[in-house]
Every structure is written in C-alpha cells, then in structure tokens.
Amino acid sequence: QVQLVESGGGLVQPGGSLRLSCAASSSIFRFYAMGWYRQAPGKQRELVATITPGGSTNYADSMKGRFTISRDNAKNTVYLQMNSLKPEDTTVYYCNTDKPANSPFGSWGQGTQVTVSS
C-alpha cells in the first residue's frame, strides 16, 4: 500500500524555523499536486499550502511569506519550510494530495507535531 510519512516536527522557540518532510512510498507521487495541512485538537483540518507536480504553489493567507512548500519528485518528497513561527502554529501537520478524499495514498498518516513555545 502506498503511503505518506511525515517528519521534521519538534519544539522551537517563537520566531524560529523548522523544515517538515513528507516522503511517499511510490513514484506516483510525481503525478499529484500535494498539500500540507494542519489540525489542532477539536478543530477542523486546515490547508496550509499546495504545490502542483510542476512546482506552482499556493498558500493559506496566514502562512504567506512565512512558509514555503517545495518538492523533489526524484525523492518522492514534499517539504514545508516554516519560518517566523508563532505559538499559534503549534499543532500536528499532515501531508496528502490536494484532494485528500480521492488520494491514492489512502487515509491520513500519523502527522508530525510542531510545538512553538518559549
């Protein structure tokens, strides 16, 4: 079964940076637009950013200028560079295609926890 594995989360101080990675277990990754999402406890999952197979990107308004999504199709990996982190960015981050309901990677992975705190 093809799957996605997120990594790179951790504890960082406000204003700090983290780089998240999401590795796909199949090269079909290169054919799909990918997205990073986040979900805080008790809240709906929200879209953070998306990237097309060719590299065109889109961001949620609150992440513009702070987060950068990128991908390496040769490594079947999508990244999220997060700068100027704020305490309100604290939550679990997930990756999937830009249309998770029809994702070939199945249901959501375990995600990676990001905690922004001094």
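So, how was this worked out
- Residues numbered from 1 in each chain as written.
- Predicted model: local features only at pLDDT ≥ 70, side-chain atom pairs only at ≥ 80, totals over all residues.
- Heavy atoms only, no water.
- Disulfide = S-S within 2.5 Å.
- Helix = DSSP H or I, 4+ residues; strand = E, 2+ residues; numbered from the N terminus.
- Buried < 20%, exposed > 50% of the residue type's maximum accessible area, 1.4 Å probe, protein only.
- Pairing = 2+ DSSP bridges.
- Axes fitted to C-alpha atoms, helices over the stretch in contact; angles between N-to-C directions.
- Contact = heavy atoms within 4.5 Å.

(A) Examining the state of the cysteines more closely. Summed over the entire model, instances satisfying the criterion amount to one disulfide. Here C22 pairs with C95 through a disulfide, and the sulfurs are 1.7 Å apart. Disulfide C22-C95: torsion about the S-S bond near 50 degrees, hence right-handed. Taken as a pair, C22 in strand β3 (residues 18-24) and C95 in strand β9 (residues 91-97) lie far apart in primary sequence, 73 residues in all. Exposure class is identical for C22 and C95. Each is buried.

(B) Main features of the sheet that holds strand β4 (residues 34-39). Strand order in the open sheet made by the six strands is β2-β10-β9-β4-β5-β6, with mixed pairing throughout. Each having just a single partner strand, β2 (10-12) and β6 (57-59) make up the two edges of the open sheet. Across this sheet, the average inter-strand angle for adjacent strands is 25 degrees, counted without regard to direction. Alignment of β2 against strand β10 (residues 112-116), held across three bridges, turns out to be parallel. In the strand pairing of β10, L11 is matched with T115.

(C) Focus on unusual backbone geometry. In this model, N76 sits at a positive phi of 55 degrees, which is unusual for a non-glycine residue. With respect to the secondary-structure elements, N76 resides in the loop between β7 (67-72) and β8 (77-82). In this structure, S84 is a non-glycine residue whose phi angle is positive, near 50 degrees. Mapped onto the elements, S84 comes out in the loop between β8 and β9.

(D) View of the environment of Y32. On the secondary structure map, Y32 appears in the loop between β3 and β4. Its relative accessible area of 32% is what places Y32 among the partly exposed residues. When the C-alpha positions of Y32 and Y59 are compared, they lie 17 Å apart, and in sequence the two are 27 residues distant. With residues near it in sequence (within four places) discarded, Y32 still touches I51, P53, R71, T97 and P104.

(E) Looking closely at the pairing of strand β1 (residues 4-7). Side-chain alternation along β1 places L4 and E6 on a buried face and V5 and S7 on a face that remains uncovered. Pairing between β1 and β3: four bridges, direction antiparallel. The partner of V5 across the bridge, within β3, is A23.

(F) Region of the structure containing the environment of K99. Assignment of secondary structure puts K99 in the loop between β9 and β10. Along the primary structure K99 and G42 are separated by 57 residues, whereas in three dimensions their C-alpha atoms are 22 Å apart.

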